[in-house]
Amino acid sequence: MASEVEKKAVFDIDSAKEVVQELRASFVAGKTKDYEWRRTQLKAMLKMMDENEPQIVAALRDDLSKPELESSIYEIAMLKNSCKLALKKMKHWVMPEKAKTSLATFPSSAEIVSEPLGVVLVISAWNYPLLLSLDPVIGAIAAGNAIVLKPSEISPATASLLAKLVANYMDSSCIKVVEGAVPETTALLEQKWDKIMYTGNGRIGRIVMAAAAKHLTPVVLELGGKCPVIVDSGINLQVATRRIIAGKWGCNNGQACISPDYIITTKDYAVELVDSFKCELERFYGKNPLESKDLSRVVNSNHFARLLKLLDEDKVSSKIVYGGERDKSNLKIAPTILLDVPQDSLIMNEEIFGPLLPIIMIDKVEDSFDLINSGTKPLAAYMFTNNKKLKEKFVEKVSAGGLVINDTTVHLAEPTLPFGGVGDSGMGAYHGKFSFDTFSHKKAVLYRSFAGDAPLRYPPYTNGKLRLLKALLGGSILGIIRALMGWSKA
Amino acid sequence: MLSSMEKSIAELRETFKNGGTKSISWRKSQLKALLQLINQNEDSIFKALDQDLGKSPVESYRDEVGVLKKSVTYTLSCLEKWVAPKKAEVPLLFFPAKAEVMPQPLGVVLIFSSWNFPFTLALDPLIGAISAGNTVLLKPSDLAPACMSFLVETIPKYLDNKAVKVLAGGADIGERLLQLKWDKIFFTGSPRVGRLVMAAAAKHLTPVTLELGGKSPAIVDTLSTTPSKAKVTAKRIVGGKWGPCTGQACIAIDYVLVEEKLASTLIELLKKTIKRFYGENIKSLKNISRIVNKHQFQRLVNLLKDPNVADSIVYGGSVDEEKLVIEPTILLDPPLDSEIMSEEIFGPLLPIITLKNIEESIDFINSKSNPLVIYAFTEDDTFKKRILSETSSGTVTFNDSMVQFLCDSLPFGGVGQSGFGRYHGKYSFDTFSHEKSIMHRGFYPEIEPRYPPWTDFKLLFLKLAYQFDYFGLILLLLGFKRS
């Protein structure tokens, strides 16, 4: 029997154009603006996750060897929470906000109305392929937009699962998933969008923004950086160590934008810190971490090679104090700690995004602030200390997307905090209401009446009018009275 | 060898790094100095605006000096409040924890301003940048040369030279500035240049605010109410077209939409109002700015060259090349595919487009790209609601023109082709700030299920925790729930 070779449609510029046209037609027809439609889509997304948890966990295992608990909690549970929050709060978010008016525009009333931007593009990353795809989509739906989601090809099982599930559960005339790699993304970026949200690295972030510039499309870029952890002495070392481990190896084995990248501590404290790490790491992952089921693998051979390059650099390989084992066939690298790596090493000059944790030593804890500020601004910065003054200094001096004191990564789960970068770690923010706002245009509306038409606005322009205008814009009632009475100086 | 431009910017970066712009007292002192600058140099400012644009002192005060004084005063009174961190709610699960959002300056910012409101569009963003604690390089437009020189000479006399610098020059200087790395770029100008600014910013991942333009329409539906309302409508339209810099304003009324049967009423009212405000004809023209330069003058004259467009002139049309003056001109139904109906006019020509039914104005506006403002003169609440929900623009103003600019509590900015980002009032402070999230945690209590090795118990615990199902958690801990 002759095998039928299916002709795979190529997603090129024309296909991208068609997709945008279709979505624009849906948007213009008002489908996505409808409040009930938004609720239905969010409910459908919840159902989608409830009914497909095992498949999602399996796809994440395929793509990343992600432990079930990480998939269930950091992807599915977090998404469901985000969805439920949007469903609960949306009725407040869509309400216009009253704005105060001043004497200058009396009598008038003013408000700020949220409206959808239109047709938006969400490009997501491979490390939290479900969360980073659907969390922005939740915001875009709540704000009333039509959406194209482009999941990362580096996590292909999750990408196809998303494509299938979204098509089955959600309104395809308004929400589409486009799978593919560089050519497909390029085709999408050529189109005119009303907003683009990109999660990934700075190199591609620049490309996305440059493409958006052609159409004056606003962008949100959620990028990365080297998230430092400052560890002071006089703390509960065990708790601190565990929290660092949870944020590093517990988050996709260090492959997360807010994972602790490196540690800064004093020369005096370093040995104690390393010992604590050794103890807790063994408690969590056993004597043979390469065989632990509780660690994700390195996503692919490219990244595996990249990480080995960082680890095997001459000036660095001698600094390993724990770990360093690797299993190429399973793409696993054991949790590895390095002590006192040189500042000019590769590992200290790019975002690690993997299970290697360098420790830098300084004389005094205060020195860490300048050290961090000498690099580019990271997405997050962490500090463990009980010293109130140091906490204040840390908060004041260190510029990063977000800061956490005495823990790592948990601010991600806090929807009342805007989540986003600054400088090289990105622009824009989302989560909770910030997601709704990021996909909305806040339209200013001023209502004026016909009463009170001050002739002083109009020509002929006279000195008297000038005096009165000065008083009116100055906002002082006394000034206005004086001007009206002609008592003010010209 | 660094050029003087690069040295200046290095100095700005050094000042910022050393914390020179951080303290509230520094920011306030700069804002007060700016207020002093404006107060002590009012006459020179009027003179420069007259020289560059033929603006009268009243127009200059109303649109530039007064606006700036108000903006500084408002910012000074609110600064402490804006700088304070805002508390964020934290769920019980994280107890004990404290969360807040703290605004921080972005660093070294670049402000490009435009020629039509050379003081407002330069100094209003500057007020925002300083209040947020940044160092600033201001690049005013060289198309308003007297104003630019004034700023270059006068700002250093009042403000901190190490933190605020003004650079004179043309497009070539602008291009060189765009090659460098900034922490924010604020641009007011045309969409064409806006694209170039954003593309340059992309290379450094620099966030931008683009205040652009578009064709801001005025929907007129109040002519058949009362004669006095009709008169006020006409005044506000005239004031909103030729009042600001003779139509050379991003928020000026670009064109008018009115019902066919009311067109002649409108035109008559407009003519009367124009004559009363600006004089009978081009020879006796007063109380109005002129066109900024020959290039813009020629562009506007060319819009009228198309014979079909010229035929549609119902008032005005005279030009004086020497004085760079075009008299207020009204056109009735020029062809919709003419340049005057597809490009932003930015000048004293007012097309009136007639419709069978005023409700058609919604589709008409939607056929063009999103404008900065939609003005709608109507008392019909249903129509107002339709305009709000069925059109998209930076702002909508009902029953007036221009005044939304004075409202500090309303965000001022565009959407789509009219730009993105916003400012005025607190929005200026926000646009030059990074909102940093901060979470404070305690060491106790510890939630063991956060840590591996993973077990079913831990999975169930976390699922309940993430649902904030405190009751379920208690049951689980007491052994009443099974994994």
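Going by the annotation in an unreviewed UniProt entry, the name recorded for chain B is Aldehyde dehydrogenase, with Gossypium hirsutum given as the source organism. Quoted verbatim from the Catalytic activity (unreviewed entry) heading of the UniProt record, the comment on chain B is "an aldehyde + NAD(+) + H2O = a carboxylate + NADH + 2 H(+)". You can read under Sequence similarities (unreviewed entry) in the UniProt record for chain B the words "Belongs to the aldehyde dehydrogenase family."

Per an unreviewed UniProt entry, chain A goes by Aldehyde dehydrogenase and derives from Gossypium barbadense. If you open the UniProt record of chain A and go to Sequence similarities (unreviewed entry), you find "Belongs to the aldehyde dehydrogenase family." Its UniProt record, at the heading Catalytic activity (unreviewed entry), says of chain A: "an aldehyde + NAD(+) + H2O = a carboxylate + NADH + 2 H(+)".

Q: Just checking my understanding: could you explain the nonpolar core for this structure?
A: Note on soluble globular proteins: their nonpolar side chains tend to be buried together. Core analysis: the biggest nonpolar cluster contains 112 residues, and A:Met45, A:Ile141, A:Trp249 and A:Phe277 have the highest contact counts within it. In terms of residue count, the dominant contributor to this core is helix H4 (residues 68-93) of chain A (12 residues). When residues no more than four places from it in sequence are discounted, the contact partners of A:Met45 are A:Cys83, A:Leu134, A:Val137, A:Ile138, A:Ile141 and A:Met170. By size, the runner-up hydrophobic cluster in this structure holds 102 residues, among which are A:Leu469, B:Val65, B:Leu159 and B:Leu262.

Q: When you look at the pairing of strand S2 (residues 97-105) of chain B in this model, what are you seeing that I'm missing?
A: The two faces of the sheet receive side chains in turn, since in a regular strand these alternate between them. Residue and element names in this part refer to chain B. Counted residue by residue, S2 has seven buried out of nine residues, so it is predominantly covered. Pairing of strand S1 (residues 86-88) with S2, which is carried by three bridges, proceeds in the antiparallel orientation. Of the residues in S2, the one forming a bridge with Ala88 is Ala99. As defined by bridge partners, S2 adjoins strand S18 (residues 433-441) across nine bridges and the pair is classed as antiparallel. Its bridge partner being in S18, Pro105 is matched across the sheet by Ser433.

Q: Help me understand the sheet that holds strand S13 (residues 329-332) of chain B, please; the structure alone is not making it clear to me.
A: Through backbone hydrogen bonds, the strands of a sheet pair up, either in parallel or in antiparallel fashion. In space, the 10 strands of this open sheet follow the order S1(A)-S2(A)-S18(A)-S16(B)-S15(B)-S8(B)-S9(B)-S14(B)-S13(B)-S10(B), with mixed pairing throughout. Unpaired on one side and paired on the other, strand S1 (97-99) of chain A together with strand S10 (313-315) of chain B mark the two borders of the sheet. The average angle at which neighbouring strand axes cross in this sheet is 25°, direction not considered. The sheet contact formed by strand S8 (residues 217-220) of chain B and strand S9 (residues 255-259) of chain B spans four bridges and is parallel. By the bridge assignment, B:Ala218 is partnered in S9(B) with B:Val256.

Q: In this structure, what is going on with the side chain of A:Ser152? I would like to understand it.
A: Residues and elements named next belong to chain A. Assignment of secondary structure puts Ser152 in the loop between strand S4 (146-150) and helix H6 (156-169). Polar contacts involving the side chain of Ser152 include one to the main-chain amide nitrogen of Ile154, which spans 3.1 Å. With residues up to four places along the chain from it excluded, the contact list for Ser152 reads Ser124, Ala125, Trp126 and Ala159.

Q: Teacher, can you tell me more about the domain arrangement of chain B here?
A: As a measure of interface size, the accessible area lost when the parts come together is often cited. Residue and element names in this part refer to chain B. The domain boundaries assigned to chain B delineate domain 1 (4-88 + 100-212 + 424-434), domain 2 (217-413) and domain 3 (443-478). The straight-line distance from the C-alpha centre of domain 1 to that of domain 2 is 30 Å. Taken together, the contact between domain 1 and domain 2 spans 23 residues of the former and 22 residues of the latter. Run the count over domain 1 and domain 2 and you get one salt bridge. The closest approach of N and O atoms between Lys70 and Asp408, which form a salt bridge, is 3.0 Å. Our count for the domain 1 to domain 2 interface comes out at nine residue pairs in polar contact (both at pLDDT 80 or more). Secondary structure elements with two or more residues in the side of domain 1 that touches domain 2: helix H3 (42-53), helix H4 (57-83) and helix H15 (426-431). The leading source of residues in the side of domain 1 that touches domain 2 is H4, at six residues. Here the side of domain 1 that touches domain 2 is built from residues that sort into eight nonpolar, six polar and nine charged.

The rules behind these values
- Residues numbered from 1 in each chain as written.
- Chains lettered and ligands numbered in written order.
- Predicted model: local features only at pLDDT ≥ 70, side-chain atom pairs only at ≥ 80, totals over all residues.
- Heavy atoms only, no water.
- UniProt positions renumbered as here; feature names shortened; annotations may be inferred.
- Core = buried A, V, L, I, M, F, W, Y, C linked by side-chain atoms within 4.5 Å.
- Buried < 20%, exposed > 50% of the residue type's maximum accessible area, 1.4 Å probe, protein only.
- Helix = DSSP H or I, 4+ residues; strand = E, 2+ residues; numbered from the N terminus.
- Contact = heavy atoms within 4.5 Å.
- Pairing = 2+ DSSP bridges.
- Axes fitted to C-alpha atoms, helices over the stretch in contact; angles between N-to-C directions.
- Polar contact = N/O pair within 3.5 Å; in protein donor to acceptor, adjacent residues only side chain to side chain.
- Domains from an automatic or database assignment.
- Salt bridge = Lys/Arg side-chain N within 4 Å of Asp/Glu carboxyl O.
- Nonpolar A, V, L, I, M, F, W, Y, C, P; charged D, E, K, R; others polar.

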